[in-house]
Amino acid sequence: MNWHSRALAAFATLIAATTVGTTTSTARTPDVRGLLPAIDREVQFDADGTTTYATVHVPAHRAGHRMAAALLLPGSGPTDRNGDEPPALTPSTLTLIADALGGDEVMTLRFDKYRTGQTGLGRYTDDPGRIDMDALTRQAAAAYGALRSQPEADPHALLIVGHSEGALRALLVAPVVRPEPAGLALLAPQDQRILDILDYQLADQIDQYVAIGRLTAEQGEANKKDTSRAIADFRAGRPVDTSGIIPPIATTLNGGFGPLMARYVRTDDAIYPPDAARRIAPGTRVIVTCGTADANIPCRTTPPLVNALAAAHTGGPGLKTLHGLDHLLHQAGTPVNTKTLAPAALRALHDFIRPWSRQ
C-alpha cells in the first residue's frame, strides 16, 4: 500500500490547515446541578477545498470541563453523517452511536462524506469518478482535526469509532493524525480486501436465489463461477464480461466496475486491512466487534485483523463477539430501519469507553 506512505505529508499539511466554522450556536445556562445541557452543534470544515458539513454532539457537562471526543466514521456507499442512505435505508446507526457515547459523557463529531448529505460531491462535482479511498481518508483526517478543535474536546482523549468500511478508514487515519487517537472502536469492520468481500457476498446472494427457486443449483454454481471470474478480471485490469450473470448480480458488478466507482473500488481493494492494523500505535485501546448474524462481515473472516492488532501491541477489550447481531448492530430479524442498537452492541461501546466515561 505505497499510497499510504506518500500520503503522510499531505495528511499532516491538511490537518494543520483545517478550519472549522460553527453554523449554529445556542447559549446555554447551567441547570441546578451546575451542568450545561446537551446540544447538537452544526459545524463545517474544509477538506481539500470542499466544505464538509458535520454535527457535533456535546453531552451534558460541567462548564469548562474537557471531555473525551470521538470521530464517527460511516460505512461504504452513500452513507451520510447519521449512518443513513435515504430514502430507503435509514437505521440512523451513527446517530444512535453518538447518543450512546453521549450517555457516557463522550462528545462526538459525525460528518457528511463525499456523495452524501449537505457535502455532496464538493470539489469532485465535475468528475465524480476521481473520488478514491485516499480522498475519503483525507476528508476523515480533516474531520479529526475539526473534532480536536472543539472547545470541549480533551486533546488527550481523542477516539475514532468506525462502522464497516468506516472501521478500515479509522485504521488508515489513526497513524497520520496528531495527536494519535487514544482508542479505536472497529464495529463490524471491513477486514478483507473489498473485492474478496464482494465475491462472497454475491455468492451468498446467489445461494438465496437458489433457495427460493429463482435459480437451479446448476445455474447458481455457474453464476457464482462467472461472478468470481468477473471480479478477478476487474482486479487484474482485464475487460469484464457480465453478460451471462443473473441481472441483479450483473447490475451490482457493472455499477461497481463502471466509470463512477472503478477508481474508488480499485484503491479500496489495494488495501489489506490487517496490514493497516499493524501500523496502529502500541497501547492504543481497541475494540473489534463481530456479529454472529452478520452476513456482510461474518465472524469467520475476523481473525487476521484481530491478530494483526495484537501484533501491533494494542490494548483494550479486543474482540467482542456479539451473539445474534447483524451488520447494523441489530438483533437478527429486526427490521433494517429500526432506530435502536441491540443491548449487546451498547454494552460493547460502554466497555470500550470505560476509561474515559464519567458515568
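So, here is what we can say about the structure in this document. Worth saying up front: this structure is predicted, and the values here are computed from it rather than measured.

## Overview of the overall build of the protein
Stage number 1. Helices and strands together make up the secondary structure of the protein, namely 11 helices and 11 strands.
Stage number 2. Seen along its three principal axes, the alpha-carbon backbone of the protein occupies a region of about 70 × 40 × 40 Å.
Stage number 3. When burial is assessed residue by residue, the protein has 53% of its 359 residues classed as buried.
Stage number 4. For the protein, the share of sequence-separated contacts (at least 6 apart) that also reach a separation of at least 24 residues comes to 71%.
Stage number 5. Surface accessibility of the protein: about 15000 Å² in total, with carbon and sulfur atoms responsible for 53%.
Stage number 6. Within the protein, one finds 34 positive and 36 negative side-chain charges whose respective centroids are separated by 5 Å.

## Observations regarding the nonpolar core
Stage number 1. If you look at the biggest cluster of nonpolar residues, it comprises 50 residues, and the most contacted ones within it are Leu109, Phe111, Leu171, Leu184, Leu186 and Leu309.
Stage number 2. Among the elements that line this core, the one with the most residues is helix H3 (residues 133-148), at 10 residues.
Stage number 3. Contacts of Leu186, omitting those with residues within four sequence positions, involve Gly162, Ala167, Ala170, Leu171, Val286, Ile287, Val288, Thr289 and Leu309.
Stage number 4. By size, the runner-up hydrophobic cluster in this structure holds 27 residues, among which are Ala68, Leu341, Ala342 and Trp356.

## Some points on the packing of aromatic side chains
Stage number 1. Inspection of the entire model under this criterion finds four aromatic pairs.
Stage number 2. Across the ring face of Phe234, the terminal group of Arg266 is positioned such that the distance to the ring centre comes to 3.9 Å.

What counts as what
- Residues numbered from 1 in each chain as written.
- Predicted model: local features only at pLDDT ≥ 70, side-chain atom pairs only at ≥ 80, totals over all residues.
- Heavy atoms only, no water.
- Helix = DSSP H or I, 4+ residues; strand = E, 2+ residues; numbered from the N terminus.
- Buried < 20%, exposed > 50% of the residue type's maximum accessible area, 1.4 Å probe, protein only.
- Contact = heavy atoms within 4.5 Å.
- Areas by Shrake-Rupley, 256 points an atom, 1.4 Å probe, with all protein chains shown as cover.
- Lys, Arg positive; Asp, Glu negative; His and termini not counted.
- Charge placed at Lys NZ, Arg CZ, Asp CG, Glu CD.
- Core = buried A, V, L, I, M, F, W, Y, C linked by side-chain atoms within 4.5 Å.
- Phe/Tyr/Trp six-rings, centres within 6.5 Å; stacked < 30°, edge-to-face > 60°.
- Lys NZ or Arg CZ within 6 Å of the ring centre and 35° of its normal.

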